[in-house]
Amino acid sequence: MMKKTLVLLLFSAIFSACSTNDDNSLNNPNLINLNFRLQLNLDFPEYNDLQFPGNSFATYNEGIRGVVVYNINNSQYTAFELSDPNHPPSNCSAMTVEGVVATCNCEDGNSYNIITGELLEGEGQYSMKPYRIERRGNTIEVYN
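A few points on the structure. (Residues numbered from 1 in each chain as written. Predicted model: local features only at pLDDT ≥ 70, side-chain atom pairs only at ≥ 80, totals over all residues. Heavy atoms only, no water.)

1. Overview of the sheet that holds strand 10 (residues 139–143)
How we decide: Paired strands, as defined in this entry, are two strands with at least two bridges between them according to DSSP. Counting from the N terminus, the helices are the DSSP runs of H or I reaching at least four residues and the strands are the DSSP runs of E reaching at least two. Angles run from 0 to 180 degrees between N-to-C directions of axes, and those axes are lines fitted to C-alpha atoms, restricted for helices to the stretch in contact.
Taking strand neighbours across the sheet as the criterion, the three strands line up as 1-10-9 in an open arrangement whose pairing is antiparallel. Single-partner strands in this sheet number two, and they are strand 1 (37–41) and strand 9 (132–136). In this sheet, adjacent strand axes meet at a mean angle of 15 degrees when their direction is disregarded. Examined bridge by bridge, strand 9 and strand 10 share five bridges and lie antiparallel to one another. Looking at strand 10, one finds that Arg136 is bridged to Thr139.

Here it is in structure tokens:
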């Protein structure tokens, strides 16, 4: 009986230590949760680069300050908010993308990896806000 109790306590401790919450992005006081749905038809010339791994597409018409989509390998994609997660939205917090790096235009010049969302340079405790992304045929859908 003691052995079963010990095993049960061990499993309880392991499961309570695991969490599906990413407090680093979910509890970010700088970025609100917007509901939107963006569909990118890869047959259109403006999204053609997304048909090839290693390419990205940025739009500043969706999300808080914009959305960037990156093609990892034609079956995996990432999508992130382009408002610097370590600043409240402002004129300078919209990030620009060059290669795989998104850079904030504020004084500290925070830079993030658009594949992982991680902070590369600058200061702050938050990573980029991820969005859900799915590919169905020749359409990529980004939503929150």
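2. Some thoughts on the nonpolar core
Spelled out, the test is: Nonpolar cores are built from buried Ala, Val, Leu, Ile, Met, Phe, Trp, Tyr and Cys residues. Side-chain atoms within 4.5 Å join them into one set. Throughout, exposure labels follow a simple rule: accessible area from a 1.4 Å probe, protein chains only, divided by the maximum for the residue type, with under 20% read as buried, over 50% as exposed, and the rest as partly exposed. Any two residues whose heavy atoms approach within 4.5 Å are treated as being in contact.
In terms of nonpolar packing, the biggest core is built from 15 residues, with Leu40, Leu50, Val69, Ile133, Ile140 and Val142 touching the most fellow members. Excluding residues within four positions of it along the chain, Leu40 makes contact with Tyr47, Leu50, Phe57, Val69, Asn138, Thr139 and Ile140. Counting residues in hydrophobic clusters, the runner-up holds 11 residues, among them Tyr70, Cys104, Ile114 and Met128.

3. Here's the deal with the side chain of Asp84
The criterion, for reference: Positive charges come from Lys and Arg alone, negative charges from Asp and Glu alone, with His and the N- and C-terminal ends not counted. Salt bridge, as applied in this entry: a Lys or Arg side-chain nitrogen positioned within 4 Å of an Asp or Glu carboxyl oxygen. A 3.5 Å cut-off defines polar contacts: any pair of N or O atoms within that distance qualifies, except that in protein one atom must be a possible hydrogen donor and the other a possible acceptor, and neighbouring residues in sequence count only when both atoms are side-chain atoms.
With respect to the helices, strands and loops of the structure, Asp84 is situated in the loop between strand 4 (77–81) and strand 5 (95–98). In this structure Asp84 is buried but unpaired, with Arg65 as the nearest side chain of opposite charge at 11 Å. In this structure the side chain of Asp84 is engaged in a polar contact, spanning 2.8 Å, whose partner is the backbone nitrogen of Asn86. For Asp84, the residues in contact, after removing those within four places along its chain, are Leu31, Ser93, Met95, Cys104, Asn110 and Tyr112.

4. Details of the state of the cysteines
Note the cut-off: Put simply, a disulfide is two cysteine sulfurs that come within 2.5 Å.
Taken as a whole and assessed by the stated rule, the structure comprises one disulfide. Between the sulfur of Cys92 and that of Cys106 lies a disulfide, 2.0 Å long from S to S. With the S-S bond torsion at 85 degrees, the cross-link from Cys92 to Cys106 turns out right-handed. With a gap of 14 residues between them, Cys92 in the loop between strand 4 and strand 5 and Cys106 in the loop between strand 6 (101–104) and strand 7 (111–113) connect regions that are remote in the sequence. Assessed through its relative accessible area of 10%, Cys106 is described here as buried. Of all cysteine sulfurs, the one in Cys106 lies closest to Cys104, which takes part in no disulfide; the gap is 3.4 Å. Taking relative accessible area as the criterion, Cys104 reaches 3% and is therefore assigned buried.

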